[in-house]
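Listed here are the chains, written in short residue letters.
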Amino acid sequence: MSNIVLARPRLVMLIMVMLCLSGLASYGSMARQEDPQFPSRNGLITVDYPGATADAIERLLLEPLEDELAQVEEIQEFTATARTGVALLSISLQETIYDTDPAWDRVRQAMDRAQREFPAGTGSPELDDRLTGLPAVVLAIAGSPSIVELSLAAERLKRGLAGLPGLSRIEIEGDVDEQITIAVHDAELLRLGLTPASIAGLLSQRNELVPGGFLVAGQQRVALRSNTEFESVDALRHTQVMLADGGTLPLGSIADIWRGPVEPAQPATYQDGERVVTVNIYPRTNSIDAINFGRAVRERVAGLRGQLAPLEIREMFFQPDQVAERLTDLQQNLIVSMLIITGVVFLGMGWRMGLLVATMLPMVTLISLGIYNLGNGVLHQIAVIGMVISLGILIDNTIVIVENIQARLNDGETREQAMQQAVSELAGPLGASTGTTLAAFTPLLLSSGGTADFTRGIPVMIMLTLSVSYLLAISVTPLLAGWFLKPAPTQRSRWFETLGKRLGQLSERAPRRIIIAGLLLVTGSFMTISLINVQFFPNADRPQVVVELFLPEGTDQAHTDQESAAVERLIREQDNVTSVHRFVGFTGPGFYYNLPNATRAPNRARLVVNMTSLSATEPLIEWLRGDLAPRLPQMDLVAGTLAQGPPRAAPVEVRVYHDEDSARLAAAEQVFRMIKQAPGAADVRHDIDLGTPVINFTTDDASAQRVGADRNDVASALIGRSFGIAASQYRQELDPIAIVLRSSEGVRSSVPQIMSSYVYGSSQDPVPIGMIAEPRAEWQAAAIQHRNGARYYSVTSGLQADFSFSQILDSLNQQLEESPLPVGTRLEYGGDAESSGEANQAILNTAPVGILLLLFFLVTQFNSYRRVAIVLLTVPLAAAGIFPGLVLSNSPFGFQPLLGIIALVGIVVNNAIVLIDAIDQRLKQGMDINRSVNEAVTRRTRPILLTTATTVTGLLPLALSSSTLWPPMAWAIISGLLASTVLTLLVIPAVCRMVLRPPAVPS
C-alpha cells in the first residue's frame, strides 16, 4: 500500500478530494427524516356486518378468518376484536420479513377464502397494510359549524395538493360521508296502503342510469338524455308515488327528506374544542428530504388559502419542523465534538501532528456520507448518533500511524523509511483492531425486529466510518505525514513517555497486586447493578402529553364525545397548556412513530396536549392521575408522554388466557388488583368487557305464518326502523351518496315505538311487530378479544417516575406466589418486557457471528490463544466503570447503554491489540519480557490516552444534551472507557509479564 501511495501521490490526493466533494454534495441532497421508518409489517382487517352482536361476529366472521390466517406462515401474531356490527383484526408479520408485499398478498388470499364462509349481508373484508406509515404534515380545516362543508373543503385541499414533489398519498380523517335520509311516516304509509319495500322499489326504478345514445347533426354528435336519475334532493321530494286507487302524491308529503351526515356518527376530530377535518399528507418513504418537503407543502398551502376562504387551514402536526430541530441539534453536537476532539489532539500531540490527525475527521465524515448516500441511506437521528459515537474511535488508527511516523523521524529515519516502516508495522494490528470493532457491531447489524430496525443506523454508520478511517490511515495519512511532519521531539511527548515509564514500572513491581486490585474493582462494580433502574427505552423529549380515554364497551360515540369534551375543557384550564387536539371514535393521525394507533372504537378518545415546555408535562400528568382520574369513575384515563423505541400498548402489559370464561375473568381481575397494588404502577386498567344490553325479538313462527310473515321480515322491519335500508344512490357528486329509507326516529326509537312498527309480509297486510314477536332484554358481550385465535384479557399499566417495568412485574410475581391464579391460567408479558426480550434475543441469535469474527481477527493477528485471552480480558475490565458510571449519572440501564457496551468492546479491544503487538515486536527483537512490556507501555501510552480522551470528550456534548434517548449510552461509554483505559495500562501489562514469554529460537 505504501509503495502505491508513494508512486501515485497526486492520484491518491485527487481521489480523496473527489470523494470529499461527493460527500459534501450528498449531504446537501440526501433524504432526511427524524427517525427510521419501520417496514410495513402491521395491517388491519375490517369486516362490517351491520346489526350483528359481538358473539355472532366472533362465530361467523372471526373464526373463519382466524382459521385461514393461521395458515399464513409469514404472520407472527394477530389480535382480533368482535364488536357489534364489526370485526377488527390486527396482524403483525414476522420481524425477519422486509419485503412485505408478497406476505400481504398471502393474507389477501386467506381473506378471500374466509369470505366464502361469511353469511349474507356481510361487507367485503378490507385490509389496510400501511399502518406504519406516518404523515409528515397534518393540516386541519376549520372555520365552519358545518362538518359537511369542512369535509368538502378538505376534498378541495386534497386535490390542490396533488402533484407535490415526493408526495405518496393524502388521506382525510375526521370528515363525514353524506346520506340522503327518507324518514317515512308510518301512519301515512298505513293509511295509503304503501309499504317501505314498494317505495324502495319505486326509487330504484326511477333512479337508474340509462344512456340515451346520440344523434348526428351535420358534423356534430348530439347526446340524448332522459331524466332517469334524481338530479337534486328537491327532485326526490317531488317524485310521484303511485297509490292503490290510481292516484299519485309527492314523496315529500309522506316522508321527511334531508341530506346530511351518515348515521351512526363517524369518528370526529377537534382542535381546541372546535370541530375540524384533517388532511394527512404522506411523503414517499426513505426517499425525500422531509425539511424541503415541508417547505413545499407550506408554499402550496399558502397559495390555496385564498381559494378556501373564509375557512382556515391550520397546521395540526408539522413533522418537518421536528426533523429540522432534531437534526440541527445533533449536527451541532457533531460539530462541537469535532472541535473538542481537535483541541484535545492539539494539546496531546502538538500542532503539527494534531493538525494532521484533525484533518482526518472531516475527510472520513464526508467520504462516509457519500458512500452512505450511495447506498440509499437516510440522514436521521440514529445515523447522526452513529457518526458522533465513531468520531473519537475513527481517529484511533490515524493517531497510532502519525505517532509512529513521528517517533521514527525523531529516531533519525528518512521520511520514506518512516512511512513504509510504520505502515508495514501497523497495517496488520490496526486492521485486526478495526476488524474486531466491526465484529463487535455485527450482531446489531444482522439482527432483525423493531428495535434492530430502529437502531440499525448506528452500526451501519460506525462500521462505515471505521472502514474508511482504516483505509485512509494506511494510505493518505502516511502520505500527508511524510510531507508535513519533521523531526521535532517535544516536551509533550516526553511527558507521555514519563507517564508510560511509571505505569510500566508500577506493573513490574507488583503485578499480582495489580491483577487482584483489578478483579476487586470489577467485582465491586457488579455489586452496584442493584442500584440501577431498568428502562428499555426512555420517554421522548417532546413537550406533549397524550391522554387516552376509555369508556365501557358499547358506549355510543355521542356520549364519548360529550365526556371527552368535558375532560378537554378541564385540561385547557391548566397552566402551561398551549393547545389540545381531541380525537373521538379513533386515535387520530399517526403523528409519531412510536404512538400505537388503535382501531376505530366509539367508546374511546385520545387527547394530545401541547405544553409550553418538557418540564411542564410531569405536573400535568400528576394532576391528571391524582386529581382528575379519581373524579371520573365512569371511564379509564391513561396519561403519559411520548415514548421511544418500538411501539407497544403500555410499559407493562399482562395477557391472561384461560379456556373457561369465568376463570379467565377471575384471573384477570386478580392480576388487575395485584398490579394496582404494586409500587410504581400508574394508570392501571383492564379490558374486561362489562357487557351491554341487547333486546332479543323472538318471533312466534305460527303467528307470523298466519299473516304471511317470517323471521326475515321481522329482522328487516327492525333494521329499517333503526339503521334504515339503502334504497338507491344519488350520483350527482364526485362520490355516490346513499339514499336511506328508515323511520323518523331512526336509532333513537324507543322500544314501544319498535313494538308498534309494522311488519309487511307476503300478504302485504301490515302487522305490528308486537303481534308476532316478543322482546326480551338480555346482557351480552359488547366486545370479545382474541389473540392468535384464543380469547384473552389484558391488564396494562404505566409507570411512575423513577420506576421500571421490571419492578412492577417482580411485585406481581411475588404476589402470585402467595395467591396463585386459577388452575389452567396462562400469562404472557407484553410491553417493555416483551420488546426488550425480543431485542435481546435478536442480538443473541446473531451474537455467534460477531464472536466468530472477533476471534478470527484476533487469532489471525496473534496466532496465539494465550494472547487472544489477554485481549478479551479487557472486556470485563470495562465493567469497572460502566455500572458505577450509570449510577453516578442517574441513568437507567436499557438498550442504549447496551449499545454503549457493544461500542466499548471494540474500543478497549483495540487498545489491547496495539499494546500486545508492541510487546511482541520487542520480544522478537530479543528483549526480555520486562523490558518489552516497559517499552511497549511507554510507546503506546500516548495513542491509548489520546484515543480515550478524544472518545470521551467527543461524547460529552451528547452526554450533557437535553435529549432523553442518548445520554445513558454516552455515559456508559465514557465511564466504561475511563476505567478500562486505566486498567488496560496496568492490568494487561501485569498479565503479560506473568503469561508471555520470548519466542523460542530455532536450533
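Just so it is clear, the structure is predicted and the values come from calculations on it, not from any experiment. (Residues numbered from 1 in each chain as written. Predicted model: local features only at pLDDT ≥ 70, side-chain atom pairs only at ≥ 80, totals over all residues. Heavy atoms only, no water.)

Let us look at the pairing of strand β13 (residues 268–271). Neither face of β13 is left uncovered, since the one carrying A268 and Y270 and the one carrying T269 and Q271 both have all their residues buried. Two elements, β13 and strand β17 (residues 577–584), share four bridges in a ladder whose sense is antiparallel. Among the inter-strand pairings, Q271 is bridged to a residue of β17, identified as H581. The pairing of β13 with strand β14 (residues 274–283) spans three bridges and is classified as antiparallel. Bridge pairing in β14 places Y270 opposite R275. Where β13 hands over to β14, the hairpin turn is made up of two residues, of which D272 adopts a positive phi near 50 degrees. (Buried < 20%, exposed > 50% of the residue type's maximum accessible area, 1.4 Å probe, protein only. Helix = DSSP H or I, 4+ residues; strand = E, 2+ residues; numbered from the N terminus. Pairing = 2+ DSSP bridges.)

The next thing to look at is the pattern of salt bridges. On inspection of all chains with the given rule, the structure shows 48 salt bridges. We note a salt bridge from D683 to R625, for which the minimum N-O separation is 3.0 Å. With a gap of 58 residues between them, D683 in strand β21 (residues 681–686) and R625 in helix α20 (residues 617–628) connect regions that are remote in the sequence. Among the residues examined, D683 registers a relative accessible area of 14% and is labelled buried. (Salt bridge = Lys/Arg side-chain N within 4 Å of Asp/Glu carboxyl O.)

Here helix α5 (residues 147–161) crosses helix α9 (residues 290–308) at 145 degrees, and the two axes come no closer than 10 Å. In the packing of α5 onto α9, the handedness of the crossing is right-handed. Contacts between α5 and α9 involve A153, R156, L157, G160 and L161 on the former and, on the latter, R300, V301, L304, Q307 and L308. The class makeup of the residues in the contact of α5 with α9 is six nonpolar, two polar and two charged. (Axes fitted to C-alpha atoms, helices over the stretch in contact; angles between N-to-C directions. Left-handed = near helix turned anticlockwise from the far one by under 90°. Contact = heavy atoms within 4.5 Å. Nonpolar A, V, L, I, M, F, W, Y, C, P; charged D, E, K, R; others polar.)

Nonpolar side chains collect at one region of the surface, where L11, L14, I15, V17, M18, L19, L21 and L24 lie side by side and expose about 720 Å² of accessible area between them. Along the chain, L24 turns up in helix α2 (residues 9–29). (Patch = residues over 30% accessible without salt bridge, like charges linked within 9 Å, V, L, I, M, F, W, Y side chains within 5 Å. Areas by Shrake-Rupley, 256 points an atom, 1.4 Å probe, with all protein chains shown as cover.)

Let us look at the packing of aromatic side chains. Within a pair of aromatic rings, the relevant descriptors are the distance that separates the centres and the angle that separates the planes. Considering all chains together, one arrives at 13 aromatic pairs under this definition. Aromatic side chains F526 and F883 sit 5.5 Å apart centroid to centroid with 45 degrees between the ring planes, which places their arrangement in the tilted category. With F526 in helix α18 (residues 511–526) and F883 in helix α29 (residues 874–888), this residue pair connects regions lying 357 residues apart in the sequence. Among the residues examined, F883 registers a relative accessible area of 11% and is labelled buried. Judged by centre distance (5.7 Å) and plane angle (25 degrees), the rings of Y657 and Y792 are stacked. Placement of Y657 in strand β20 (residues 652–657) and of Y792 in strand β29 (residues 790–799) is noted, with a sequence separation of 135 residues between them. Y792 carries the same exposure label as Y657, and that label is buried. Of the aromatic side chains, those joined through ring pairs into one cluster are F38, F454, F537, Y592, Y593 and F895. (Phe/Tyr/Trp six-rings, centres within 6.5 Å; stacked < 30°, edge-to-face > 60°.)

Time to look at the sheet that holds strand β24 (residues 737–743). Judged by pairing direction, the sheet is mixed, and its four strands sit side by side in the order β12-β7-β24-β23 without closing on themselves. Unpaired on one side and paired on the other, β12 (255–261) and β23 (725–730) mark the two borders of the sheet. Averaged over all pairs of adjacent strands, the angle between strand axes in this sheet comes to 25 degrees, irrespective of strand direction. Of the strand pairs in this sheet, strand β7 (residues 178–184) and β24 are connected by six bridges, and their pairing is parallel.

Relative to the elements of secondary structure, F441 occurs in helix α13 (residues 415–446). On the basis of relative accessibility, which here comes to 1%, the residue F441 falls in the buried class. For the pair F441 and V982, spaced 541 residues apart in the sequence, the C-alpha separation amounts to 24 Å. Excluding its chain neighbours within four sequence positions, the residues that come into contact with F441 are P459, I462, M463, I902 and A903.

Next up on the list: the nonpolar core. By size, the foremost hydrophobic cluster in this structure holds 174 residues, and its most contacted members are I389, L472, I675 and L958. Of all the elements, helix α10 (residues 319–374) adds the most residues to this core, at 18 residues. Once residues within four sequence positions are removed from consideration, L472 is found in contact with M16, M360, M363, V364, I367, T477 and P478. Formed by 30 residues, the second largest nonpolar core is a distinct cluster that contains I57, A103, A114 and I784. (Core = buried A, V, L, I, M, F, W, Y, C linked by side-chain atoms within 4.5 Å.)

The next subject is α13. Helix length check: α13 (32 residues) gives 43 Å between terminal C-alpha atoms against 46 Å at 1.5 Å per residue, within 8%. Taken as a whole, α13 carries its principal kink of about 40 degrees at L426; the proline P429 stands between one and four residues after it. (Expected span 1.5 Å × (residues − 1). Bend = angle between axes of the 7 residues up to and from the residue.)

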